[in-house]
Amino acid sequence: MKIVLLGPPGAGKGTQAKSISNKYSVPHISTGDIFRYNISNGTPLGIEAKKYLDKGHLVPDELTIDIIKDRLKQDDCKNGFLLDGYPRTVNQAEALETLLEGLGTKLDTALLIKVPKSFIIDRMTGRRVCKACGASYHVQFNPTKTEGVCDLCGGETYQRADDNEATVSERLEIYDAQTQPLIEYYSNKNLLTEVDGTQTIEKVFEDIVDILGA
Ligand code: ADP
Ligand code: ADP
Ligand code: ZN
């Protein structure tokens, strides 16, 4: 199963990705997690990417596309993958298509998690993320069982530096300008599917399973 998850920041992509990855045994590939991992390890990629993440801007396509090229060639992606946060520009989507063609395969679906803007600020400012595994929680909507500790791996949870109101507004504007056009892009290729992301986390996942198949 080869899936792209679409939706604005805070739609619930990362949250659903963990469950999808578990159920369908496909690797969860989050470009945001890859950048944050490199930033916390101080790699050259991390030092470069940090400039953009801190402002809520997109990391340039050349860098991002290269990361995905390397990642999708790895063995664990042979039977499928779940991309979360990539593509974010039409240019990235075209690069993905070319890459998959080269590997003799194609996407099964681009799954859009639809959430109106009015939900986003609350979701983002209450988000807590696991330092170790990237799992997403919410202080109110999806708290960890023990405060500050990841339910899945016991890692420490923290608030992302870019999850403040000002940066979130910037990210939403960038989403509208650069990422939203992907909805039409995948719709034109008859690959778009959608779920209502305003429902509970469990109900959103049920709807996703209805689309992907039990
Ligand atoms: P994305 O990866 O799309 O940016 P996340 O999965 O990190 O989004 O979710 C953003 C925030 O909203 C997190 O704090 C998460 O716990 C919370 N969240 C995710 N899905 C829901 C939902 N269906 N209802 C309420 N809160 C949710
Ligand atoms: P969110 O959960 O809010 O959707 P992500 O964790 O996916 O956020 O991304 C965080 C940041 O990482 C983005 O604001 C951007 O700076 C960078 N980033 C992640 N994926 C991409 C991408 N495909 N292209 C460019 N920048 C990206
Ligand atoms: Zn964890």
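To be clear, the structure that these remarks concern was listed above.
Worth saying up front: this structure is predicted, and the values here are computed from it rather than measured.

Definitions and limits used
Residues numbered from 1 in each chain as written. Chains lettered and ligands numbered in written order. Predicted model: local features only at pLDDT ≥ 70, side-chain atom pairs only at ≥ 80, totals over all residues. Heavy atoms only, no water. Near = heavy atom within 4 Å. Polar contact = N/O pair within 3.5 Å; in protein donor to acceptor, adjacent residues only side chain to side chain. Areas by Shrake-Rupley, 256 points an atom, 1.4 Å probe, with all protein chains shown as cover. Helix = DSSP H or I, 4+ residues; strand = E, 2+ residues; numbered from the N terminus. Nonpolar A, V, L, I, M, F, W, Y, C, P; charged D, E, K, R; others polar. Pairing = 2+ DSSP bridges. Expected span 1.5 Å × (residues − 1). Buried < 20%, exposed > 50% of the residue type's maximum accessible area, 1.4 Å probe, protein only. Contact = heavy atoms within 4.5 Å. Donors = N, O, S within 2.8 Å, 3.2 Å for Na, K, Ca; no water. Tetrahedral: all angles 85-135°; square planar, octahedral: opposite > 155°, others 65-115°. 1 Å grid on protein atoms, 1.4 Å probe; cavity = no way out; pocket = protein on both sides within 12 Å on 5 of 7 lines; lining within 4 Å. Points joined across faces, edges and corners; volume = space filled by probe spheres on them. Core = buried A, V, L, I, M, F, W, Y, C linked by side-chain atoms within 4.5 Å.

Right, let's talk about the site of ligand 2 for a bit. In the region of ligand 2, 19 residues are neighbours, and Thr 31, Arg 36, His 57, Gly 85 and Arg 171 sit closest. One of the backbone N or O atoms of Gly 85 is found 2.9 Å from a nitrogen atom in ligand 2. Within the contact set of ligand 2, a nitrogen atom lies 3.0 Å away from a side-chain nitrogen or oxygen of Arg 88. Its free accessible area being 560 Å², ligand 2 has 96% of it covered by the protein chains. A total of four residues in the shell around ligand 2 trace back to one element, the largest contributor, which is helix 2 (residues 31-40). Its residues assigned to classes, the shell around ligand 2 shows seven nonpolar, six polar and six charged.

Another point: the site of ligand 1. Around ligand 1 sit 19 residues, and of these Lys 13, Thr 15, Arg 127, Ser 136 and Tyr 137 come closest. The backbone of Gly 10 places a nitrogen or oxygen atom 2.8 Å from an oxygen atom of ligand 1. His 138 is positioned such that a nitrogen or oxygen atom in its backbone is 3.4 Å from an oxygen atom of ligand 1. Coverage of ligand 1 by the protein amounts to 93% of the 560 Å² it exposes when considered alone.

All right, on to the pairing of strand 5 (residues 127-130) then. Alignment of strand 5 against strand 6 (residues 136-138), held across three bridges, turns out to be antiparallel. Bridging across to strand 6, Val 129 finds its partner in Ser 136. Sheet analysis places strand 5 next to strand 7 (residues 157-158), joined by two bridges and oriented antiparallel. Residue Val 129 lies in a different strand from strand 7, and its bridge partner there is Tyr 158.

The next point concerns helix 9 (residues 201-212). For helix 9, which comprises 12 residues, the first-to-last C-alpha distance of 16 Å matches the rise-based estimate of 16 Å (1.5 Å per residue) to within 8%. Along helix 9, the positions that sit buried rather than exposed are Val 204, Phe 205, Asp 207, Ile 208, Val 209 and Leu 212. The inward-facing, buried residues of helix 9 contact strand 1 (2-6), helix 1 (13-24), strand 4 (109-114) and strand 8 (192-196). Following helix 9 by one or two positions, Gly 213 adopts a phi angle in the positive range, close to 95 degrees.

The next thing to look at is the sheet that holds strand 6. With antiparallel pairing, the three strands of this open sheet are ordered in space as 6-5-7. Only two strands of the sheet have a single partner each, and these edge strands are strand 6 and strand 7.

Each protein donor to the zinc ion (ligand 3) is listed here as Cys 130 (SG), Cys 133 (SG), Cys 150 (SG) and Cys 153 (SG); together their distances run 2.3 to 2.4 Å. Of note is the zinc ion (ligand 3), whose four donor atoms meet at the metal with angles of 99 to 116 degrees in an arrangement that counts as tetrahedral. Overall, Cys 130 belongs to the buried group, its relative accessible area being 2%. Using a relative accessible area of 26% as the deciding quantity, one classes Cys 133 as partly exposed.

Here we come to empty space enclosed by the protein. With the rule as written, the count across this model stands at one cavity of 30 Å³ or more. The space that makes up the largest cavity amounts to roughly 70 Å³. In terms of lining residues, the largest cavity is bounded by Leu 5, Leu 6, Gly 7, Pro 9, Lys 13, Gly 85, Tyr 86, Pro 87, Arg 88, Tyr 175 and Thr 179. Looking at the lining of the largest cavity residue by residue, the classes come out as six nonpolar, three polar and two charged.

Quick look at the nonpolar core now. Residues Val 4, Leu 72, Phe 81, Leu 83, Leu 96, Leu 107 and Tyr 186 are the most contacted members of the largest nonpolar core, which totals 23 residues. Val 4 has contacts with Leu 83, Tyr 86, Pro 87, Leu 96, Leu 107, Thr 109, Ala 110, Leu 111 and Tyr 186, leaving out every residue within four places of it along the chain. Core analysis: the next-biggest nonpolar cluster, separate from the first, contains 21 residues, Tyr 24, Val 168, Val 195 and Val 209 among them.

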